[in-house]
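Structural features, examined
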Amino acid sequence: MSTKKYFRYSYDGPVMEFDMVTINHWKASTLAPSEKKARSNLAYQYKKQYKKSTGASVKLPGKIVCLG
């Protein structure tokens, strides 16, 4: 049986929708096995929190920090 190790990632920065900054300072965290998956999870969290459609183009241009 293979188990993935999950890490806590934190984001504190701007959010862009369709290449326009919509929020200058958004803070969230997630558990994920990689930074790429963490970025995807955080974008999904943002869409749910602000009631955006799942097809909305959301980018998190800031740095994602691995907290371990």
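Here is a short report on the structure shown in this document.

What counts, and at which threshold
- Residues numbered from 1 in each chain as written.
- Predicted model: local features only at pLDDT ≥ 70, side-chain atom pairs only at ≥ 80, totals over all residues.
- Heavy atoms only, no water.
- Pairing = 2+ DSSP bridges.
- Helix = DSSP H or I, 4+ residues; strand = E, 2+ residues; numbered from the N terminus.
- Salt bridge = Lys/Arg side-chain N within 4 Å of Asp/Glu carboxyl O.
- Buried < 20%, exposed > 50% of the residue type's maximum accessible area, 1.4 Å probe, protein only.

In this section: the pairing of strand β2 (residues 20-32). Across 10 bridges, the pairing between strand β1 (residues 7-17) and β2 is antiparallel. By the bridge assignment for β2, S10 is matched with S29.

For the coordinates displayed, the defined rule picks out 3 salt bridges. Taking the shortest distance from any N to any O, the salt bridge between K59 and D19 comes out at 2.9 Å. Of this pair, K59 sits in strand β3 (residues 58-59) while D19 sits in the loop between β1 and β2, and the two are 40 residues apart along the sequence.

Phi at D19 is positive, roughly 65°, even though this residue is not glycine. We classify D19 as exposed; its relative accessible area is 55%. Of note, K51 is a non-glycine position whose phi angle comes to about 55°, a positive value. Its place among the elements puts K51 in the loop between α1 (35-49) and β3. The class of K51 is exposed, set by a relative accessible area of 74%.

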